[in-house]
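Topology and contacts: notes
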Amino acid sequence: QVQLVESGGGLVQAGGSLRLSCAASGRTFSGYKMGWFRQPPGKEREFVARIRWSAGSTYYADSVKGRFTISRDNAKNTVYLQMNSLKPEDTAVYYCAAGLIVKSEYDYWGQGTQVTVSS
C-alpha cells in the first residue's frame, strides 16, 4: 500500500531554515501530484505547495512563495520542502500528500511533522 513518511520537522528561530522530506513508497507516482499542506494550531489545514511528479512543475500558496521550494528526487522517491526565512506564522504540523493529477483531491496522506518557529 502507499506510504508517505515525513521527516525533518523541528524547532527553529525566525529567519531560519528547515528542509522537510517525504519518503513515498508502495507504487510508482508518475501521473501523480505531490503536495505539502500544513495545519497551524487551532486552524484548518491549508495548502502550501505541490509538484507534478513527472513534469516537475510547481505551484505555491502566496504565503510561502519566494521562501519555500518544493522538489523531488525520482531515484529516491522522495519529495522535499525547503523552507527559508521562516516566520512564527509558519508554525504548524506539515503533511505530505499524493493524488492523481486528473483529480483535485489528494488520496494519500502522511502522518505529519511538527514545525515550530520561535520569535
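Relevant structure appears above.
Residue indices follow the written sequence of each chain, beginning from 1 at its first position. Owing to the predicted nature of the model, reporting of local features is limited to residues with pLDDT of at least 70; listing and counting of side-chain atom pairs is limited to 80 or more, with chain, interface and lining totals taken over all residues. Where side-chain values are given, they derive from all heavy atoms of the structure, hydrogens and water being excluded.

Let's shift gears to the state of the cysteines. Here, a disulfide means two cysteine sulfur atoms that sit within 2.5 Å of each other. Under the criterion given, the structure shown has one disulfide. Each sulfur in the disulfide pair Cys22 and Cys96 lies 2.1 Å from the other. As the torsion about the S-S bond is roughly -75°, the Cys22-Cys96 disulfide counts as left-handed. One end of the pair, Cys22, is in strand E3 (residues 18-25); the other, Cys96, is in strand E9 (residues 92-100), with 74 residues separating them in the sequence. Think of it in three bands: residues with accessible area under 20% of the maximum for their type are buried, residues over 50% are exposed, and the middle band is partly exposed, with areas taken using a 1.4 Å probe on protein chains only. Among the residues examined, Cys96 registers a relative accessible area of 1% and is labelled buried. A run of DSSP states H or I qualifies as a helix once it reaches four residues; a run of E qualifies as a strand once it reaches two. Both are numbered from the N-terminal end.

By the criterion of burial, E9 is predominantly enclosed, with seven of the nine residues buried. Pairing between strands requires that DSSP locate at least two bridges from one strand to the other. As judged from the eight bridges shared by strand E4 (residues 32-39) and E9, these two strands associate in the antiparallel manner. Opposite Arg38, over in E9, you have Tyr94 as the bridge partner. By the bridge criterion, three bridges tie E9 to strand E11 (residues 113-118) in an arrangement that is antiparallel. Bridged to Val93 within E11 is Gln114. Pairing of E9 with strand E10 (residues 108-109) involves two bridges; the strand directions are antiparallel. Note that in E10 the partner of Ala97 across the bridge is Trp109.

Within the open sheet, the four strands sit side by side as E1-E3-E8-E7. Their pairing is antiparallel. Since the sheet does not close on itself, it has two edges, and those belong to strand E1 (3-7) and strand E7 (68-73), each with one partner. Here the average twist between neighbouring strands, direction ignored, is 15°. In the sheet, E3 pairs with strand E8 (residues 78-83) via six bridges, with the strands oriented antiparallel. Looking across to E8, one finds that Ser21 is bridged to Tyr80. Between N-to-C directions, angles span 0 to 180 degrees; the directions come from axes that are lines fitted to C-alpha atoms, helices contributing only their stretch in contact.

Turning our attention to the pattern of salt bridges. A pair can form between side chains of opposite charge whenever their charged atoms are brought close. One side-chain nitrogen of Lys or Arg within 4 Å of one carboxyl oxygen of Asp or Glu is enough to make a salt bridge. A full pass over the atoms with the stated rule returns six salt bridges. We note a salt bridge from Asp62 to Lys65, for which the minimum N-O separation is 3.0 Å. With a shortest N-O distance of 2.7 Å, Asp90 and Arg67 are connected by a salt bridge. With Asp90 in the loop between E8 and E9 and Arg67 in the loop between strand E6 (58-60) and E7, this residue pair connects regions lying 23 residues apart in the sequence. In this structure Asp90 comes out as buried when scored by relative accessible area, which is 1%. We classify Arg67 as buried; its relative accessible area is 11%. Through salt bridges with shared partners, one network takes in Arg38, Glu46, Arg67 and Asp90.

Purely geometric numbers; function is a separate question.
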